[in-house]
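Architecture and fold: a report
Here is what each chain is made of, one letter per residue.
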Amino acid sequence: MALRHRHSHQRYVEGQDEQHLRQLTLIRDLQDAVANGELWVAYQPKLAPRTGAVMQCEALMRWNHPTLGFVPPDEFIGLAERSGSIGMLSQWLLEHVCTQLDTWQQQGYRLSIAVNLSASDVIDHHLAHHLTQLFERHHLAPDKLSVEVTESAVMQDVDAAMNTLMELHRLGIRLAIDDYGTGYSSLAQIRRLPVKELKIDKSFIQAIDTQEDDLTIVRSTIEMGHSLGLEVVAEGVENRASAELLSTLGCDYLQGYWLAKPMASEQLIAWLDSFESP
Ligand code: C2E
Ligand code: CA
Ligand code: CA
Ligand code: CA
């Protein structure tokens with residue numbers, strides 16, 4: 001009994017060690033990921049069901065680690081935030097998407113891009129200035145870029161975040177609250193921010209076609225959002241039934257595997273070229 005107990009305890013510790021070692025490796029290697037060209041961006045389109053048009057896509061970061069292979073952003077973004085390298089990743093991302101927007105613009109595509117920013121990005125005093133320079137260098141109108149932030153990222157330091165977000169707003173950058181419904185803040189708090197868009201978290205959307213409760217929550221969120229003058233986005237739309245339901249509820253934008261998975265930029269363009277509104 002005692003032996004078995006010790007054995008299982010040891011295995012538990014070994015598992016923890018492995019996990020810890022992987023994290024240390026990832027934190028270390030993140031330092032060079034940008035310089036080594038290991039990062040790339042996947043783009044996932046959003047559909048406006050009322051017009052049937054796709055005008056925007058979300059940029060989602062991807063990391064191909066040289067030995068560990070694909071590392072999901074849910075794993076490395078948190079590590080980057082805690083180890084202080086997220087600023088470097090966000091800088092790279094912003095530079096990369098502005099270059100991409102410039103290319104698309106020259107090719108005649110009118111797509112805009114939404115980027116995800118972390119808590120430390122939205123309290124960075126230099127962000128607005130940095131973006132202004134990027135827009136100038138790439139001949140972009142600021143409304144080509146949207147910023148998605150979670151409630152919790154903003155609430156970490158509301159005053160500082162408010163400052164930066166107001167600057168972005170004055171520049172003409174559109175702001176969306178991401179993962180809406182998973183945090184503790186209320187619409188009353190969010191309303192004080194210069195927000196244009198609420199993005200309902202996929203946990204409420206994924207089973208909306210079968211879960212009565214989710215449908216009720218989403219319906220009232222869309223109504224509240226609209227009554228506050230916000231546009232409402234559903235992420236995680238996985239099937240046609242959900243898409244139809246959400247369009248009926250007046251949801252402004254749909255995003256999810258039903259429409260398209262995140263794709264490399266060349267794939268996205270091929271997809272767009274053959275896209276027929278559903
Ligand atoms: P998020 O911003 O909430 O992005 C939505 C996630 O849901 C993405 O996962 C996307 O691939 C996935 N998704 C899209 N449609 C569906 C669907 O129909 N069903 C399901 N089950 N999932 C769907 P991904 O790309 O793995 O990103 C995970 C999270 O990592 C993002 O959540 C975001 O919080 C973070 N992230 C990704 N890229 C960046 C980045 O460049 N910067 C920052 N700060 N965070 C990022
Ligand atoms: Ca997002
Ligand atoms: Ca989400
Ligand atoms: Ca998220």
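So, here's what we can say about the structure. (Residues numbered from 1 in each chain as written. Chains lettered and ligands numbered in written order. Predicted model: local features only at pLDDT ≥ 70, side-chain atom pairs only at ≥ 80, totals over all residues. Heavy atoms only, no water.)

**Digging into the overall build of the protein chain**
- When helices and strands are tallied, the protein chain shows 12 helices and 9 strands.
- In terms of overall size, the protein chain behaves like a compact globule, its C-alpha atoms giving a radius of gyration of 20 Å where 278 residues would be expected to give roughly 19 Å.
- For the protein chain, the C-alpha atoms occupy an extent of roughly 65 × 50 × 45 Å along the three principal directions.
- Sorting the 278 residues of the protein chain into buried and exposed places 45% on the buried side.
- A sequence separation of at least 24 residues applies to 69% of the contacts in the protein chain between residues at least 6 apart.
- In the form shown here, the protein chain has an accessible surface area of approximately 14,500 Å², with 51% of it arising from carbon and sulfur atoms. (Helix = DSSP H or I, 4+ residues; strand = E, 2+ residues; numbered from the N terminus. Rg over C-alpha atoms; globule rule 2.2 N^0.38 Å. Buried < 20%, exposed > 50% of the residue type's maximum accessible area, 1.4 Å probe, protein only. Contact = heavy atoms within 4.5 Å. Areas by Shrake-Rupley, 256 points an atom, 1.4 Å probe, with all protein chains shown as cover.)

**Concerning the site of ligand 1**
- Surrounding ligand 1, one finds 23 residues, the nearest of these being Gln 44, Arg 62, Gln 206, Glu 238 and Tyr 257.
- Contact between ligand 1 and Asp 178: an oxygen atom at 3.1 Å from a side-chain N or O atom of the residue.
- Tyr 257 is positioned such that a nitrogen or oxygen atom in its backbone is 2.8 Å from an oxygen atom of ligand 1.
- For ligand 1, whose unbound accessible area comes to 800 Å², protein coverage reaches 87%.
- Among the secondary structure elements, those contributing two or more residues to the shell around ligand 1 are β2 (53–65), α2 (73–83) and β6 (174–180).
- If you tally residues by element for the shell around ligand 1, the top one is β2, at 4 residues.
- Here the residues of the shell around ligand 1 are counted per class, giving 9 nonpolar, 6 polar and 8 charged. (Near = heavy atom within 4 Å. Polar contact = N/O pair within 3.5 Å; in protein donor to acceptor, adjacent residues only side chain to side chain. Nonpolar A, V, L, I, M, F, W, Y, C, P; charged D, E, K, R; others polar.)

**Here we look at the environment of Gln 91**
- Relative to the elements of secondary structure, Gln 91 occurs in helix α3 (residues 86–107).
- Along the chain, Gln 91 and Met 166 lie 75 residues apart, while their C-alpha atoms are 20 Å from each other.
- Only 3.1 Å separates the side chain of Gln 91 from the side chain of His 130, close enough to count as a polar contact.

**Considering the coordination of the calcium ion (ligand 2)**
- In this structure, Glu 58 (OE), Asn 116 (OD1), Glu 148 (OE) and Asp 178 (OD) serve as the protein donors to the calcium ion (ligand 2), at separations of 2.2 to 2.3 Å.
- Of note, the donors binding the calcium ion (ligand 2) are all from one chain and are spaced E-x57-N-x31-E-x29-D.
- In this structure the calcium ion (ligand 3) is found 5.6 Å away from the calcium ion (ligand 2). On the criterion of sequence distance, the pair formed by Glu 58 in strand β2 and Asn 116 in strand β4 (residues 112–116) is long-range, its members being 58 residues apart.
- What makes Glu 58 buried here is its relative accessible area of 5%. (Donors = N, O, S within 2.8 Å, 3.2 Å for Na, K, Ca; no water.)

**A short note on the nonpolar core**
- Formed by 60 residues in total, the largest nonpolar core has its most connected members in Tyr 43, Trp 104, Ile 113, Val 115 and Leu 131.
- Residue contributions to this core peak at 9 residues, all from α3.
- Ignoring sequence-local partners within four residues, the contact set of Trp 104 consists of Tyr 43, Cys 57, Tyr 109, Leu 111, Ile 113, Ser 265, Leu 268 and Ile 269. (Core = buried A, V, L, I, M, F, W, Y, C linked by side-chain atoms within 4.5 Å.)

**Section: the pattern of salt bridges**
- Tallying each qualifying case throughout the model produces 11 salt bridges.
- Between Glu 148 and Lys 199 there is a salt bridge, with its nearest N and O atoms 2.9 Å apart. Note that Glu 148 is positioned in strand β5 (residues 145–150) and Lys 199 in strand β7 (residues 197–200), a separation of 51 residues in sequence. Of the two residues examined, Glu 148 and Lys 199, each falls in the buried class.
- With its nearest N and O atoms 2.8 Å apart, the salt bridge here joins Glu 197 to Arg 174. Of this pair, Glu 197 sits in strand β7 while Arg 174 sits in strand β6, placing them 23 residues apart in sequence.
- The network of salt bridges with common partners includes Lys 46, Glu 58, Glu 148, Arg 174, Glu 197, Lys 199 and Glu 231. (Salt bridge = Lys/Arg side-chain N within 4 Å of Asp/Glu carboxyl O.)

**Considerations on the packing of aromatic side chains**
- Counting across every chain of the model gives 3 aromatic pairs.
- With centroids separated by 5.2 Å and ring planes inclined at 65°, the aromatic side chains of Tyr 43 and Trp 104 adopt a geometry described as edge-to-face. Residue Tyr 43 is found in strand β1 (residues 39–48), and its partner Trp 104 is found in helix α3; the two are separated by 61 residues along the sequence. The same class applies to Tyr 43 as to Trp 104, namely buried.
- Ring plane angle 80° and centroid distance 5.6 Å describe the contact between Trp 63 and Phe 76, whose orientation is recorded as edge-to-face. Of the two residues, Trp 63 is situated in strand β2 and Phe 76 in helix α2; the sequence distance between them amounts to 13 residues. (Phe/Tyr/Trp six-rings, centres within 6.5 Å; stacked < 30°, edge-to-face > 60°.)

**Digging into the packing of helix α5 (residues 127–137) against helix α7 (residues 158–171)**
- At a closest axis distance of 9 Å, the pairing of α5 and α7 adopts a crossing angle of 25°. In terms of orientation, α5 and α7 fall into the roughly parallel class. The way α5 lies across α7 gives a crossing that is right-handed. Within the contact between the two elements, α5 uses Leu 127, Ala 128, Leu 131 and Thr 132 and α7 uses Thr 164, Glu 167, Leu 168 and Leu 171.
- Split by residue class, the contact of α5 with α7 holds 5 nonpolar, 2 polar and 1 charged. (Axes fitted to C-alpha atoms, helices over the stretch in contact; angles between N-to-C directions. Parallel < 35°, antiparallel > 145°, perpendicular 65-115°, else oblique. Left-handed = near helix turned anticlockwise from the far one by under 90°.)

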